[in-house]
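Here are the chains, one letter per residue:
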Amino acid sequence: MSEKKPQVSRRQFLNYTLTGVGGFMAAGMLAPMVRFAIDPVLQASGTEDMHAVVEVSEITTEPQRFDWTIKQVDAWYTSDVIHSAWIYKNEKDEIIALSPICKHLGCAVSWASNEEYPNEFYCPCHGGRYYKNGLNVPNTPPNAALDLFQKEVKDGTLYLGGAMPNPVTEGGAS
């Protein structure tokens, strides 16, 4: 008895070929989308780079605004970005570095700029107010305290990293 191998018909051959080509094309289109979706997971996490901001000897008990410039790379475009912080020493001689960005609408706050509230940070956008330690004044627009910068003192220079939530929950005089 001779057994015949079933032969692939022309219709089956075209069906297999088109399915394979279609699958290959779909994989080619989906691969970049999958990579884009999982890329944040693959990125190294941790603290941001620390940048030299000011000599510690220049810091007083009165909040002062200090600016520093970093290089930012967006794909093929490199630019200089200016960051700012309100920096002072509290009564325990600890350095406090607060973000100048209001937690209400993202406007820039300033220190003692409003005559009615001389010892507070003030946001001119909607009258937001913060105590010296960054805590938001109750019954004013901001719903959270000003962020704190990660800080490090090395060789008499203050280095700042990324902003993080301010843990202060009470008091306004520090």
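Worth saying up front: this structure is predicted, and the values here are computed from it rather than measured.

1. A word on the state of the cysteines
This structure, assessed with the given rule, holds one disulfide. Each disulfide pairs two cysteine sulfurs, and for Cys-107 the partner residue is Cys-125, the sulfurs being separated by 1.8 Å. Note on the Cys-107 and Cys-125 pair: the S-S dihedral is about -100 degrees, so by sign convention the disulfide is left-handed. Within this pair, whereas Cys-107 is found in the loop between β4 (95-98) and β5 (110-111), its partner Cys-125 is found in the loop between β6 (121-123) and β7 (128-130), the two being separated by 18 residues in sequence. For Cys-125, a relative accessible area of 36% puts it in the partly exposed group.

2. Some thoughts on the pattern of salt bridges
Counted by the stated rule, this structure contains five salt bridges. Across the salt bridge formed by Glu-120 and Arg-129, the nearest N and O atoms sit 2.7 Å from each other. For Arg-129, a relative accessible area of 15% corresponds to the buried category. Note that Lys-154 and Glu-152 form a salt bridge whose closest N and O atoms lie 3.4 Å from each other.

3. Examining unusual backbone geometry
Phi at Asp-93 takes a positive value of approximately 65 degrees, unusual for a residue other than glycine. Among the structural elements, Asp-93 can be located in the loop between β3 (77-89) and β4. You can call Asp-93 exposed: its relative accessible area is 53%. One non-glycine residue with positive phi stands out, namely Asn-139, at about 65 degrees. Looking at the element boundaries, Asn-139 is found in the loop between β7 and β8 (148-154).

4. Here we look at the nonpolar core
Counting 14 residues, the largest nonpolar core has Val-53, Val-54, Trp-68, Ile-87, Leu-158 and Leu-160 as its most contacted members. Of all elements in the fold, only β1 (51-55), β2 (64-74), β3, β4 and β9 (157-164) reach the threshold of two or more residues within this core. Broken down by element, the residue count for this core peaks at three residues, all from β2. Residue contacts for Ile-87: discarding those within four places in its chain leaves Val-53, Val-54, Ile-59, Glu-62, Pro-63, Gln-64, Phe-66, Ile-95, Ile-96, Ala-97, Leu-158 and Leu-160.

5. Here's the deal with the packing of aromatic side chains
For the structure on display, the rule yields three aromatic pairs. Centroid distance Trp-68 to Phe-149: 5.6 Å. Interplanar angle 80 degrees. Geometry classified as edge-to-face. Of this pair, Trp-68 sits in strand β2 while Phe-149 sits in strand β8, placing them 81 residues apart in sequence. Clustering of aromatic rings is evident, with ring pairs tying together Trp-86, Trp-111 and Phe-121. Across from the ring centre of Tyr-159, 5.2 Å away, lies the NZ or CZ of Lys-154, which sits over that ring.

About the criteria used
Residues numbered from 1 in each chain as written. Predicted model: local features only at pLDDT ≥ 70, side-chain atom pairs only at ≥ 80, totals over all residues. Heavy atoms only, no water. Disulfide = S-S within 2.5 Å. Helix = DSSP H or I, 4+ residues; strand = E, 2+ residues; numbered from the N terminus. Buried < 20%, exposed > 50% of the residue type's maximum accessible area, 1.4 Å probe, protein only. Salt bridge = Lys/Arg side-chain N within 4 Å of Asp/Glu carboxyl O. Core = buried A, V, L, I, M, F, W, Y, C linked by side-chain atoms within 4.5 Å. Contact = heavy atoms within 4.5 Å. Phe/Tyr/Trp six-rings, centres within 6.5 Å; stacked < 30°, edge-to-face > 60°. Lys NZ or Arg CZ within 6 Å of the ring centre and 35° of its normal.

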